[in-house]
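# A look at the structure
The primary structure of each chain is shown beneath.
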Amino acid sequence: MSTTSTGLALRRRLLSLSIPVKVNLVVAIFVLIIAALILIGYWGMEVFSGARAYVGGEGLWSKSQKQAVYYLTKYAHSRQDADYRSYLRAIAVPLGDKKARLELEKPEPDYAVVYQGFTEGRNHPEDLWIMARFFRWLRAVPYVGRAVVIWTRADELIAAMIERGEELRRGISTGQISPQRIDAILADIETLDERLTVLEDDFSYTLGAAARWAKRFLASAMLVAAVIFVAVGAWMGLMISKHLRKELSALSDGAVRVSQGDLEHRIPVVSDDEVGNLTVTFNQMTEDLAASRAQIRRLNTELEQRVIERTAQLEAANKELEAFSYSVSHDLRAPLRGIDGFSQALLDDYGDKLDETGHHYLARLRAGSRHMAHIIEDLLNLSRVTRSEVHQAHVDLSAQARTIAAELQRTHPQRRVTFTIEDGLSTQGDPGLLRVALENLLGNSWKFTSKHARASIEFGRTRHAGETVYFVRDDGAGFDMAYADKLFRAFQRLHSADDFEGTGIGLATVQRIVQRHGGRVWGEGAVEQGATFYFVV
Amino acid sequence: MEAPFVLLVEDNADDVMLMLRIFARTGLPGDDRVVVTRDGVEALDFLFPAGADHGRAARPLPRVIFLDLKMPRLDGLEVLRRVRADPRTRLVPVVMLTSSDEERDVTQSYQLGANSYIRKPEDSTQFSETVGALGRYWFHLNQVVPGPIQA
């Protein structure tokens, strides 16, 4: 249980590392494998090299021991000092090795003594420290321990042999030794030699066994280390790549979902590495996107709400205007009818009782009420023009203008006015409204040319600043350009009512109509030079 | 059989007086032959007296109804609707006589079954001509439904 949780914690910590660190970790594992193998190999070589050195040392040791036996035996027979000296030289080798061994057995050996000992043991100078180290490192290994035990026992036998050698030397140099004693000593030495031979072989075998053990141990260690490290490295690599793939596919799937409009989707964050950070950033981005979408929606709703409110206000205002016009149309006309009707009745029934002034007053009364009726008429038209819907249709302006001109000429047949109407003028717009506009413009021209004996009125088309512009031109009374901006205001009149009758609403109506078609209208003129009204629809 | 008469539904006393004067001067139909009611409620009370036997007209029907649009209590369009809804008055000619020339009023009146729609001119001369012509047309020229109207 605790191993599992430790494993999980480890896994979590591993996955939370950044991607380069993960990759470096896997690389490090493999570097470790190689390092471990190199280390084990090196260590193994050290061991083998040590074993070799000891086997070599043992050879020298054995050879010297045999020589010592040989020279001692020879000395026993020849009694020559030279032979004894040869013996001493030979026996120095095992003694040197013994000195090194005894020093190495100490807890803190003096390596100068050790090296001196091994040098006396005729070992190669380069092998000295290898042998010392082998001894220190592997003393605890059973095989090596046994070899050391054998070596110690051999040294004991060597000591016994030296004792015999010294006895022989003393006896021969003093001449106080019997031949029987010499034979007994030689027999002892032979026995010792035989026992030493056994130990020497045993030492070699033991070292051989140690080398074989070391070989097996090293091979197993290398195998185990390689297997463990490769397994760990492979596990980590696989886990990281699998995790990374899962994470990336979750990220890309999430990105696809979000791009398809699922702004509620959040990609699960499973690590703290770069992909994890990217996921967190992506989720944050999605959240911001959703928030801004929501805000846009809210603003839109508010805007729509405001539009609805404004529209309602507008509609209410329109309704009010409509109600106002309706009531004007009904309630203002009735009294006018009364005024005119009773004036007429007065004239009819009591006309003979009135003098000329009375008749004149009655005429003024009737003229006033008629003018008032015209104003009401024009106001209602203006209001209607403002309220009514604009129906789009093909409108033949030339035909409309000709009809209006014919009507004007029919009502005042005595006037001499020349109409010039360009053919084929047509546009898209509301036929009824455009007709009202043309009626007002042509009617104005008709009215303001009335003081001239001859007049001409023109309706045509021209280009103005790249646009098609229609115009109505006359050679009548014209107007002062200083007041051009006042022309289109309701009730604004540039001429006195005595000169030209009118209500001052006609051009305001024209402007309203043109504006409702998305166009504009303007006038040019000069006093007594005529006027031209241009409009674009 | 009672003498034929006109029902004039008009709240404006001036208009009533002027119209009666025009009728008198043109000899059509006489002063005594015009029943004047001052609003829609009065008109309906005249046409359908309370307590009258249902199913038959309580009194002779007018040859024509001259009906104003805008009146207190009950307007002309509502009167027209009731007149057309009732089987006894369904076929009585109704002429809308009003100051309004609003498209809406004209359309609605015809939709509700008005026989004619006349705008009262403000000009007294034209007004005289209009009212005189109306009287002549509806009182003399126009053929009425023969006999009592069956429910």
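Note that the structure is a prediction, hence the values are computed from the model and not measured. (Residues numbered from 1 in each chain as written. Chains lettered and ligands numbered in written order. Predicted model: local features only at pLDDT ≥ 70, side-chain atom pairs only at ≥ 80, totals over all residues. Heavy atoms only, no water.)

Glancing now at the overall build of chain B. Across its full length, chain B carries 5 helices and 5 strands. Listed by position from the N terminus, the elements making up chain B come as β-α-β-α-β-α-β-α-β-α. Looking at the 151 residues of chain B, the share that counts as buried comes to 50%. Within chain B, contacts between residues separated by at least 24 positions form 67% of all contacts whose residues are at least 6 apart in sequence. Element-wise, carbon and sulfur atoms account for 52% of the exposed surface of chain B, whose accessible area totals about 7,400 Å². (Helix = DSSP H or I, 4+ residues; strand = E, 2+ residues; numbered from the N terminus. Buried < 20%, exposed > 50% of the residue type's maximum accessible area, 1.4 Å probe, protein only. Contact = heavy atoms within 4.5 Å. Areas by Shrake-Rupley, 256 points an atom, 1.4 Å probe, with all protein chains shown as cover.)

Here we come to the interface of chain A and chain B. In many analyses, interface size is given as the accessible surface area lost on bringing the parts together. Taken together, the contacts link 25 residues of chain A with 24 residues of chain B. Summing both partners gives a buried area of about 2,100 Å² for chain A against chain B, and 45% of it is carried by carbon and sulfur. One can count 8 salt bridges joining chain A with chain B. One salt bridge in this structure joins B:Arg25 and A:Asp349, with 3.4 Å as the shortest N-O distance. Here chain A and chain B share 10 residue pairs in polar contact (both at pLDDT 80 or more) between them. Listing elements by their share of the side of chain A that touches chain B, those giving two or more residues are helix 8 (274-350) and helix 9 (356-387) of chain A. Tallying contributions element by element places helix 8 of chain A first for the side of chain A that touches chain B, with 18 residues. Split into classes, the residues belonging to the side of chain A that touches chain B amount to 7 nonpolar, 6 polar and 12 charged. (Buried area = accessible area lost by both parts, 1.4 Å probe. Salt bridge = Lys/Arg side-chain N within 4 Å of Asp/Glu carboxyl O. Polar contact = N/O pair within 3.5 Å; in protein donor to acceptor, adjacent residues only side chain to side chain. Nonpolar A, V, L, I, M, F, W, Y, C, P; charged D, E, K, R; others polar.)

In a regular helix each residue adds 1.5 Å, so 25 residues correspond to 36 Å; helix 3 (residues 81-105) of chain A covers 36 Å between its end C-alpha atoms and thus fits that length. A bend of about 30 degrees at A:Val93 is the largest found in helix 3 of chain A, and the proline A:Pro94 appears one to four places after it. (Expected span 1.5 Å × (residues − 1). Bend = angle between axes of the 7 residues up to and from the residue.)

Looking now at the nonpolar core. Residue and element names in this part refer to chain A. In this structure, Tyr54, Phe118, Phe134 and Leu168 are the most contacted members of the largest nonpolar core, which totals 49 residues. Of all the secondary structure elements, the ones that give two or more residues to this core are helix 2 (19-78), helix 3, helix 4 (111-120), helix 5 (128-138), helix 6 (142-174) and helix 7 (179-259). No other element matches helix 6, which puts 12 residues into this core. For Phe134, the contacting residues outside a window of four places in its chain are Val47, Gly50, Ala51, Tyr54, Arg139, Val144 and Leu207. (Core = buried A, V, L, I, M, F, W, Y, C linked by side-chain atoms within 4.5 Å.)

Okay, the pattern of salt bridges next. According to the stated counting rule, one finds 40 salt bridges over all chains in the structure shown. Here B:Glu122 and A:Arg333 are joined by a salt bridge, their closest N and O atoms 3.6 Å apart. Here B:Glu122 is found in the loop between strand 5 (116-119) and helix 5 (124-141), whereas its partner A:Arg333 is found in helix 8 on a different chain. Relative accessible area serves as the criterion here: at 8%, B:Glu122 is assigned to the buried category. With relative accessibility at 1%, the residue A:Arg333 sits in the buried group. Bridged by salt links that share partners, the residues A:Arg337, B:Glu10, B:Asp15, B:Asp68 and B:Lys120 form one connected network.

Residues and elements named next belong to chain A. On inspection of all chains with the given rule, the structure shows 22 aromatic pairs over all chains. On the basis of an interplanar angle of 65 degrees and a centroid distance of 6.2 Å, the ring pair of Trp43 and Phe217 is categorised as edge-to-face. Here the residue Trp43 occupies a position in helix 2, and Phe217 occupies one in helix 7, the gap between them amounting to 174 residues. Note on Phe459 and Tyr470: the rings are 6.4 Å apart at their centroids and 25 degrees apart in plane angle, and the pair reads as stacked. Here Tyr470 lies in strand 5 (residues 467-474) and Phe459 lies in strand 4 (residues 454-464), a separation of 11 residues in the sequence. (Phe/Tyr/Trp six-rings, centres within 6.5 Å; stacked < 30°, edge-to-face > 60°.)

Moving on, we get to the sheet that holds strand 4 (residues 94-98) of chain B. Residue and element names in this part refer to chain B. Spatially, the 5 strands line up as an open sheet ordered 2-1-3-4-5, and their pairing is parallel. The sheet terminates laterally at strand 2 (34-37) and strand 5, the two strands that pair on one side only. Geometrically, the sheet is characterised by an average inter-axis angle of 20 degrees between neighbouring strands, direction not taken into account. Taken together, the 4 bridges between strand 1 (residues 6-9) and strand 3 (residues 64-67) define a ladder with parallel strand orientation. Paired with Val6 across the bridge in strand 3 is Val64. Packed onto the sheet, helix 1 (residues 13-26) meets strand 1, strand 2, strand 3 and strand 4 and runs at close to 175 degrees relative to strand 2. (Pairing = 2+ DSSP bridges. Axes fitted to C-alpha atoms, helices over the stretch in contact; angles between N-to-C directions.)

Residues and elements named next belong to chain B. Among the 5 residues of strand 4, 5 are classified as buried, and the element is accordingly described as predominantly covered. In strand 4, alternate side chains face the same way, and those of Val94, Met96 and Thr98 on one face and Val95 and Leu97 on the other are all buried. In this structure, strand 3 lies alongside strand 4, joined through 3 bridges in parallel fashion. Looking at the pairing, Ile65 lines up with Val94 of strand 4. Tracing the backbone out of strand 3, into helix 3 (residues 76-85) and back to the parallel element strand 4 gives a crossover that is right-handed. Here 4 bridges tie strand 4 to strand 5, and the two strands are oriented parallel to one another. Bridge pairing in strand 5 places Val95 opposite Ser116. Between the parallel elements strand 4 and strand 5, the chain passes through helix 4 (residues 103-111) in a crossover that is right-handed. (Right-handed = clockwise from strand over helix to strand, strands pointing away.)

Residue and element names in this part refer to chain A. At Arg122, a position not held by glycine, the phi torsion is positive, near 60 degrees. Within the fold, Arg122 resides in the loop between helix 4 and helix 5. Residue Arg122 is classed as partly exposed on the basis of its relative accessible area, which comes to 45%.

Let us look at the packing of helix 3 of chain A against helix 5 of chain A. Residue and element names in this part refer to chain A. At a minimum axis distance of 10 Å, the contact between helix 3 and helix 5 shows a crossing angle of 40 degrees. Between helix 3 and helix 5, the angle falls in the class oblique. The two elements helix 3 and helix 5 cross, and the hand of that crossing is right-handed. Listed contacts from helix 5 to Arg101, Leu104 and Glu105 of helix 3 are Ala132, Phe135 and Arg136. Split into classes, the residues belonging to the contact of helix 3 with helix 5 amount to 3 nonpolar, no polar and 3 charged. (Parallel < 35°, antiparallel > 145°, perpendicular 65-115°, else oblique. Left-handed = near helix turned anticlockwise from the far one by under 90°.)

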